[in-house]
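Single-letter residue listing:
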Amino acid sequence: MKVKFILLYPMKIFNKTIKLKSKGEMDFIDLTDEAIEFVRESKIKDGLLTVHSKHTTMAIRVNESEKGIRHDMREFVKRLAPKDVYYHHNDLEIRTENLVCDKDASDCINGHSHCIHFLMGSSESIPVIGGNLALGQWQRIFALELDCSRDREIIMLLMGE
């Protein structure tokens, strides 16, 4: 089956790179206000905002901003992917790919962070309706650091009319 799309209105596309430094493992960085301002400045009325992490140990998630949830998530991650079990990624005697550290550097010992990232993901997409992000009452957009303190880049891509 062949599908044909007809664009009735020209679509606008905006992007923004956010540079930040995380504080450390399980740092929740709230990007919501920055996303709201980005949408407002764009004047997009209806569309889609994608927030994407360029890193394999920083996830982007939408959830509630409440200290109990953040505490529960930190404890859940410890149980789900404990640091003190064997990960092939951490075995620098056998690992030969993507090394940017020496054999004594702790920044390569982050197999647990990569495993959690596989479950969480790199991006979230949020509808824009009537010039506003279609977030629920308690929803916030978070960059979630899964490793140690690092310089990070987050991409916001907004498409719409």
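Everything here concerns the structure above.
I will try to describe carefully the structure that is included in this document.

### Overview of the overall build of the chain
Scanning the chain for helices and strands turns up 3 helices and 8 strands. Written out in order from the N terminus, the α and β elements of the chain read β-β-α-β-β-α-α-β-β-β-β. Its C-alpha atoms put the chain at 60 × 40 × 35 Å along the principal axes. The proportion of buried residues among the 161 residues of the chain is 38%. In the chain, once contacts between residues fewer than 6 apart in sequence are set aside, the share between residues at least 24 apart is 84%.

### Focus: helix α1 (residues 32–42)
For α1, the complete set of buried residues consists of T32, A35, F38, V39 and S42. Summarising the axial view, the buried residues of α1 lie within an arc of 125°, below the 170-degree limit, and thus occupy one face. Turned more than 90 degrees from where α1 packs its buried face, D33 and R40 sit exposed. K43 lies just past α1 and shows a positive phi near 65°.

### Quick look at the environment of E37
By secondary structure assignment, the location of E37 is in helix α1. For E37, a relative accessible area of 30% corresponds to the partly exposed category. Note: C-alpha distance between E37 and N132 (95 residues apart in sequence) is 9.8 Å. A distance of 2.4 Å separates a polar atom in the side chain of E37 from a polar atom in the side chain of R40.

### Quick look at the side chain of T57
By secondary structure assignment, the location of T57 is in the loop between β3 (47–53) and β4 (58–64). By relative accessible area, T57 is classed as buried at 4%. Residues within four places of T57 in sequence aside, it is in contact with N110, S113, H114, H117, L144, E145, L146, D147, R150 and R152.

### Examining a nonpolar patch on the surface
A cluster of nonpolar side chains, contributed by F76, L80, F118 and L119, occupies part of the molecular surface with about 480 Å² of accessible area. Elements that contribute at least two residues to the nonpolar patch include exactly α2 (67–80) and α3 (111–120). Along the chain, F118 falls in helix α3.

Rules of the game
- Residues numbered from 1 in each chain as written.
- Predicted model: local features only at pLDDT ≥ 70, side-chain atom pairs only at ≥ 80, totals over all residues.
- Heavy atoms only, no water.
- Helix = DSSP H or I, 4+ residues; strand = E, 2+ residues; numbered from the N terminus.
- Buried < 20%, exposed > 50% of the residue type's maximum accessible area, 1.4 Å probe, protein only.
- Contact = heavy atoms within 4.5 Å.
- Arc of directions from axis to C-beta.
- Polar contact = N/O pair within 3.5 Å; in protein donor to acceptor, adjacent residues only side chain to side chain.
- Patch = residues over 30% accessible without salt bridge, like charges linked within 9 Å, V, L, I, M, F, W, Y side chains within 5 Å.
- Areas by Shrake-Rupley, 256 points an atom, 1.4 Å probe, with all protein chains shown as cover.
- Salt bridge = Lys/Arg side-chain N within 4 Å of Asp/Glu carboxyl O.

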